[in-house]
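Survey of secondary and tertiary structure
These are the residues of each chain, in order.
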Amino acid sequence: MNFSALERLDQADPLTHLRDEFVIPEDTVYLDGNSLGLMTHGTQARVAETTAQQWGQDGIRSWNEHGWVHLPAKIGDKLAPIIGAQAGQVICCDSISVNLFKTLSAAFAVLDARGEPRNQRHQVLSTADNFPTDLYMVQGLQQLIGAENCELVLADEAELLADLSKHIHAQTAIVMLTEVNFRSGRRLPMAEIIAHAHAAGALVIVDLAHSAGAVPVELDKWQADFAVGCTYKYLNGGPGAPAFVYVAERHLGSVRQPLSGWFGHARPFVFDAQFEATDGIGKMLSGTPSILAMSAVDAALDVFADVTMVQVREKSIGLAELFLELLEQTGLAREFDCISPKTAQQRGSQLSFAHPDAYAICQALIEHKVIADFRAPNYLRVGFTPLYTSFTDIGRAVARLAEIMQTRAYTDPRFQTRQAVT
Ligand SMILES: *Cc1c(COP(=O)(O)O)cnc(C)c1O
């Protein structure tokens, strides 16, 4: 491994200084920002302040004095430029799963307002290997309101891309897709799909779980109708951090969503028995926001203030291409079958490799302080987080992988047992 060449790449990297903003576990190469991003020093300080001073000393007054009540919308506006949205269309709340339920219902409400009979347009199209919770949420809605009103239809991802018109048609109400596939890292051409769906009269919900903070997203330009995403992956908001939801400005007037809790009410503190939705994106809220978690997300987003997503993308591609090149150089590429697209532009910010011993290899890597992850059935996944991953890190990761493969360290029985979270 030519580490001096890698150090030169780090010196030339315009994002290199951002690494100092993060708490990086000692001697560790962290390639799992696609599952749980690392914490910034700013986040750590903010959570400490929120507990010690705000909650600890100022107590309930903090809802006003420290602006707790405005955090969901404030974070939404901070997130908006990262996902190509004008302010006022994004809000931070709940989980992706819950927000999908709300957006699916909201999309049907928009279609109903157009006066289209539901029995003619009731299908929700998604891909068979979408992240399962996305599909489960449609299944739940289908069970609640009946398949005649909401019916999940699954397409094979490659077949869908090969022939959009075959899959998106007059019965398609909603196209619900995840831009970057969590297993393969494949990135879908969302602008093209959205244009196609609109021409067919359908609405589109985009899941940005593996996009937000990783690739440039252009929700407004694409004319997306709705989007959801999480903040604990590439946005480093912390374990279980609240998700976000985007509703295009043009739909905000006609949107209704069924989890109509008091935080989405026009005047929550009047305590009226009758629900009346607030104007704007606030109507996507339901109950009381988790302030400790919201504070963490708010602070975590500060590192994005001085970078463009184009810079992040450029470095992400550089890191992934380097990883592939080093696999070739060390002869590992013969053993690890890359299932991610070969063309960088068709990928998100991760690479996935099929290997029969992927689980054990991943466990051995973790013991050697290279944090990757495993996805069933047999994929080793490495995520690239340009804000804190260096080119030298990639060299260290591949060198450790080469050693594990040469010594067959991964065959040790202790690496074979699966834990609850993989
Ligand atoms: C990570 C991820 C989720 C997680 O959903 P939560 O409800 O926030 O736990 C959903 N969808 C996709 C595509 C994901 O990658």
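In this text, all values refer to a predicted model and were calculated from it rather than measured experimentally.

**A short note on the site of the ligand**
Around the ligand, the neighbouring residues are Ser95, Ile96, Ser97, Phe131, Thr133, Asp134, Thr178, Asp207, Ala209, His210, Tyr232 and Lys233. Residue His210 places a side-chain N or O atom 2.9 Å away from an oxygen atom belonging to the ligand. If the ligand stood free it would expose 390 Å²; the protein chains cover 87% of that surface. For the shell around the ligand, the secondary structure elements donating two or more residues are helix 5 (96-113) and helix 6 (132-145).

**Quick notes on the UniProt feature "binding site: pyridoxal 5'-phosphate" (unreviewed entry) in the protein chain**
Per the UniProt record, the feature "binding site: pyridoxal 5'-phosphate" (unreviewed entry) sits at Ile96, Ser97, Phe131, Pro132, Thr133, Asp134, Thr178, Asp207, His210, Tyr232, Trp262 and Thr288. Across 193 residues of sequence, these annotated residues are also dispersed in space, with a maximum C-alpha separation of 30.6 Å. Those annotated residues lining the largest cavity are, specifically, Phe131 and Thr178. If you trace the backbone, Ile96 turns up in helix 5.

**Section: the UniProt feature "modified residue: N6-(pyridoxal phosphate)lysine" (unreviewed entry) in the protein chain**
In the numbering used here, UniProt assigns the feature "modified residue: N6-(pyridoxal phosphate)lysine" (unreviewed entry) to Lys233. The topology assignment puts Lys233 in the loop between strand 7 (226-229) and strand 8 (244-247). Contacts of Lys233, omitting those with residues within four sequence positions, involve Gly33, Asn34, Ser35, Leu36, Gly37, Ala209 and His210.

**Let's talk about empty space enclosed by the protein**
All told, the structure shown has three cavities of 30 Å³ or more when counted by the stated rule. In this model, the largest cavity occupies a volume close to 50 Å³. A per-class count over the lining of the largest cavity returns three nonpolar, four polar and two charged. For the second largest cavity, the full set of lining residues is Leu31, Phe323, Leu365, Val370, Leu380, Val382, Ala397, Val398 and Leu401. Those elements that provide at least two residues to the lining of the second largest cavity are strand 13 (379-383) and helix 14 (391-407). Looking at which element gives the most residues to the lining of the second largest cavity, the answer is helix 14, with three residues. Per-class residue counts for the lining of the second largest cavity are nine nonpolar, no polar and no charged.

**Here we look at the domain arrangement of the protein chain**
What the domain assignment lists for the protein chain is domain 1 (3-30 + 307-415) and domain 2 (50-304). Across the contact, 26 residues belong to domain 1 and 18 residues belong to domain 2. Interface of domain 1 and domain 2: buried area, both sides summed, is about 1,800 Å²; carbon and sulfur atoms make up 60% of it. Across the domain 1-domain 2 interface, the total number found is zero salt bridges. Taken together, domain 1 and domain 2 are joined by 10 residue pairs in polar contact (both at pLDDT 80 or more). Only helix 12 (309-329), strand 10 (350-354) and strand 13 provide two or more residues apiece to the side of domain 1 that touches domain 2. When residues in the side of domain 1 that touches domain 2 are grouped by element, the largest group, four residues, is from helix 12.

The rules behind the values
- Residues numbered from 1 in each chain as written.
- Predicted model: local features only at pLDDT ≥ 70, side-chain atom pairs only at ≥ 80, totals over all residues.
- Heavy atoms only, no water.
- Near = heavy atom within 4 Å.
- Polar contact = N/O pair within 3.5 Å; in protein donor to acceptor, adjacent residues only side chain to side chain.
- Areas by Shrake-Rupley, 256 points an atom, 1.4 Å probe, with all protein chains shown as cover.
- Helix = DSSP H or I, 4+ residues; strand = E, 2+ residues; numbered from the N terminus.
- UniProt positions renumbered as here; feature names shortened; annotations may be inferred.
- 1 Å grid on protein atoms, 1.4 Å probe; cavity = no way out; pocket = protein on both sides within 12 Å on 5 of 7 lines; lining within 4 Å.
- Contact = heavy atoms within 4.5 Å.
- Points joined across faces, edges and corners; volume = space filled by probe spheres on them.
- Nonpolar A, V, L, I, M, F, W, Y, C, P; charged D, E, K, R; others polar.
- Domains from an automatic or database assignment.
- Buried area = accessible area lost by both parts, 1.4 Å probe.
- Salt bridge = Lys/Arg side-chain N within 4 Å of Asp/Glu carboxyl O.

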